[in-house]
Amino acid sequence: MNIILETERIILRQFIEADVDDLLELNSDNDVVKYTPDAGCSFDYAQTQVKIAEIIESYQRYNGYGIWAAIEKSSHSFIGWFLFRPVVDASYFDPNLANEDDIELGYRLKKVFWGRGYATEVSQALIDKGWESGIQKVLAVAIAANKASVRVMGKVGLQFKHRFVYEGIGQEVVIYALDNPLVR
């Protein structure tokens, strides 16, 4: 198991092929994907296997960046995932809104783990790790109606930058960002 980051309550590790059932369960919950481009999509086992293979392949392309399985330390339960990767991998990437070297922060958690502060705890740890490694800017994108994600973005210090309608999903999204305070 390749651990990327540990916080007080969470372990972030690389996805493995055996995570397919957990990821399928996460992505099949309509409440979890309500405010994502995956809303209204149906997922099956084979598609989820392909997605995990793509995630695993991305670890080679971006050393130290990617999408990671989040495991609760106390229960050893899969709670969801966090991403911290170059924004150019995002389907919405637009050079008018972000620079190619900006790092995108994202997360998706099982509903049973909502409201426990995990998104804030791990997001802050990822940002801190990013600052230490010298990244210039972190940004996060959320559908504007997703008040919980927007609140987390603010709690970790990201600031509102843009609002636009993302044609890929036909919804209004917001971008929050923060420049590295350690780099001048």
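Anything mentioned here points back to the structure above.
Residues numbered from 1 in each chain as written. Predicted model: local features only at pLDDT ≥ 70, side-chain atom pairs only at ≥ 80, totals over all residues. Heavy atoms only, no water.

Visitor: How should the overall build of the protein chain be read in this particular structure?
Guide: A tally of regular secondary structure across the protein chain gives five helices and eight strands. N-terminal to C-terminal, the α/β element order of the protein chain is β-β-α-α-α-β-β-β-α-β-α-β-β. Its C-alpha atoms give the protein chain a radius of gyration of 16 Å, near enough to 16 Å, the size a compact globule of 184 residues would have. Along the first, second and third principal axes, the C-alpha atoms of the protein chain reach 40 × 35 × 35 Å. A buried classification covers 47% of the 184 residues belonging to the protein chain. Long-range pairs, those at least 24 residues apart, make up 63% of the contacts in the protein chain with a sequence separation of at least 6. Surface exposure of the protein chain reaches about 9,600 Å², of which carbon and sulfur atoms provide 48%. (Helix = DSSP H or I, 4+ residues; strand = E, 2+ residues; numbered from the N terminus. Rg over C-alpha atoms; globule rule 2.2 N^0.38 Å. Buried < 20%, exposed > 50% of the residue type's maximum accessible area, 1.4 Å probe, protein only. Contact = heavy atoms within 4.5 Å. Areas by Shrake-Rupley, 256 points an atom, 1.4 Å probe, with all protein chains shown as cover.)

Visitor: What is the right way to read unusual backbone geometry from this model?
Guide: Note: most peptide bonds trans; most residues except glycine with negative phi. Despite not being glycine, His-76 has its phi angle at roughly 65°, a positive value. For His-76, the location among the structural elements is in the loop between β3 (66-72) and β4 (78-86). Assessed through its relative accessible area of 64%, His-76 is described here as exposed.

Visitor: Quick question: what am I supposed to make of the sheet that holds strand β2 (residues 10-14) here?
Guide: Sheet strands pair via backbone hydrogen bonds, and the direction of the pair is either parallel or antiparallel. One open sheet accounts for eight strands, arranged β1-β2-β3-β4-β5-β6-β8-β7; its pairing is mixed. The sheet is open, and its two borders are formed by β1 (3-6) and β7 (159-166), each paired with just one other strand. Taken over all neighbouring pairs, the strand axes of this sheet differ in orientation by 25° on average, direction set aside. Of the strand pairs in this sheet, β4 and strand β5 (residues 103-109) are connected by seven bridges, and their pairing is antiparallel. Directly across from Arg-85, in β5, lies its bridge partner Glu-104. Across the sheet, helix α5 (residues 147-155) touches β5, β6 (137-143) and β8 (171-179), and the angle it forms with β6 is around 160°. (Pairing = 2+ DSSP bridges. Axes fitted to C-alpha atoms, helices over the stretch in contact; angles between N-to-C directions.)

Everything listed is a geometric property; what it means functionally is a separate question.
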